[in-house]
Amino acid sequence: MAATSKTNMTSEKQDAQTILITPTVLAESRKPTIFRGEPGQDPIKWLKVYQKVSLYNRWDDTIQLTNAYFFLDGTARKRYENNEDSFTSWTLLENGLKEVLELCKQAEPNMSEEGKVSHLMKGVAEDLFQALLARDVQTSEDFTRWCLYIEEMKQKRQKFQIRKTTQCCPHNGQ
């Protein structure tokens, strides 16, 4: 009888060891391409790929909405940033993207620089629009250069204000 219970205990230990060493296979996550909104990029194709990657990575609507920012650049990111408050769900962002993407797809490929600048100015936040009015913006390249400069100055100002606040009002524990 002792031999039988010893055999059962050995068998149970082997089962427990088998369970402990069973490997888990994890799928590597995928990344969608970056969408910039440049001529030649197919926005509808990008959105479909983004949705497939989201499905593969098992991103729910909240994660899809959060991650979208990181896969946009240039004009597409700027448009997202300017309308971010209205994107409270993935569905709203997706619908907004589809509208804008459809407009991009239909845009005139031979648009003049003046037309491009006019179109770009419509998509910027009011404070940036006011700052650009004081600049000589004749081309889309000028537009991009000035937007980057203005954004850089805003960030420097914010850093300076944070430094100034911490110098004037140090924390009690210091």
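No experiment lies behind these values; they were computed from the predicted model shown. (Residues numbered from 1 in each chain as written. Predicted model: local features only at pLDDT ≥ 70, side-chain atom pairs only at ≥ 80, totals over all residues. Heavy atoms only, no water.)

Visitor: What is the right way to look at the overall build of the protein chain in this model?
Guide: The helix and strand inventory of the protein chain stands at 8 helices and 0 strands. Mapped in sequence order, the helices and strands of the protein chain form the string α-α-α-α-α-α-α-α. Put simply, the protein chain has 174 residues, and 21% of those count as buried. For the protein chain, the exposed surface amounts to about 13500 Å²; the carbon and sulfur share of it is 54%. (Helix = DSSP H or I, 4+ residues; strand = E, 2+ residues; numbered from the N terminus. Buried < 20%, exposed > 50% of the residue type's maximum accessible area, 1.4 Å probe, protein only. Areas by Shrake-Rupley, 256 points an atom, 1.4 Å probe, with all protein chains shown as cover.)

Visitor: Help me understand helix 6 (residues 113-122), please; the structure alone is not making it clear to me.
Guide: Note on helix geometry: an α-helix contains 3.6 residues per turn, so any two residues three or four positions apart are oriented the same way. Along helix 6, the positions that sit buried rather than exposed are V117, L120 and M121. One side of helix 6 holds all its buried residues, which, seen down the axis, span an arc of 100°. (Arc of directions from axis to C-beta.)

Visitor: Sorry if this is basic, but what is going on with the nonpolar core here?
Guide: One broad rule of soluble globular proteins: the nonpolar side chains tend to lie buried together. In terms of nonpolar packing, the biggest core is built from 15 residues, with W46, Y50, L72, W90 and L93 touching the most fellow members. Here L93 is in contact with L65, A68, Y80 and F87, once residues within four sequence places are set aside. If you look at the next biggest cluster of nonpolar residues, it comprises 10 residues, including V117, V124, V137 and I150. (Core = buried A, V, L, I, M, F, W, Y, C linked by side-chain atoms within 4.5 Å. Contact = heavy atoms within 4.5 Å.)

Visitor: How do you make sense of the side chain of D142 when you look at a structure like this?
Guide: Examined against the element boundaries, D142 turns out to sit in helix 8 (residues 140-168). Its relative accessible area of 15% is what places D142 among the buried residues. Side-chain polar atoms of D142 contact the backbone nitrogen of Q138, separated by 3.1 Å. Excluding its chain neighbours within four sequence positions, the residues that come into contact with D142 are D136 and V137. (Polar contact = N/O pair within 3.5 Å; in protein donor to acceptor, adjacent residues only side chain to side chain.)

Visitor: I tried to follow the pattern of salt bridges on my own but got confused; where do I start?
Guide: Evaluation of the coordinates by the stated rule reveals 5 salt bridges. The partner of K78 in a salt bridge is E81, with the nearest N and O atoms 3.3 Å apart. In this pair, K78 and E81 are both assigned in helix 4 (residues 74-83), 3 residues apart and thus about one turn of the helix distant. Classification of E81 by relative accessible area gives partly exposed; the value is 28%. D127 is paired through a salt bridge with K154; the nearest N and O atoms lie 2.7 Å apart. Placement of D127 in helix 7 (residues 126-133) and of K154 in helix 8 is noted, with a sequence separation of 27 residues between them. Under the relative-accessibility criterion, D127 is labelled partly exposed at 45%. Residue classification places K154 among the partly exposed positions, given a relative accessible area of 31%. (Salt bridge = Lys/Arg side-chain N within 4 Å of Asp/Glu carboxyl O.)

Visitor: Teacher, can you tell me more about unusual backbone geometry here?
Guide: What you tend to see is this: most non-glycine residues have negative phi, and most peptide bonds are trans. At R58, a residue that is not glycine, the phi angle is positive and equals roughly 60°. Position of R58 relative to the elements: it lies in the loop between helix 2 (43-56) and helix 3 (61-68). Residue classification places R58 among the exposed residues on the basis of a relative accessible area of 77%.

Visitor: What am I meant to see in helix 2 here?
Guide: Taking 1.5 Å as the rise per residue, helix 2 with 14 residues should run 20 Å; its terminal C-alpha atoms sit 20 Å apart, in good agreement. Of the positions making up helix 2, those classed as buried are P43, W46, L47, Y50, V53 and S54. All buried residues of helix 2 project into a common sector of 125° when viewed along the axis, lining one side. Opposite its buried face, helix 2 presents the exposed residues K45, K48, K52 and L55, each directed more than 90 degrees away. Positive backbone phi, at 60°, marks R58, one or two positions downstream of helix 2. (Expected span 1.5 Å × (residues − 1).)

Remember that the coordinates give geometry; whether it matters functionally is a separate question.
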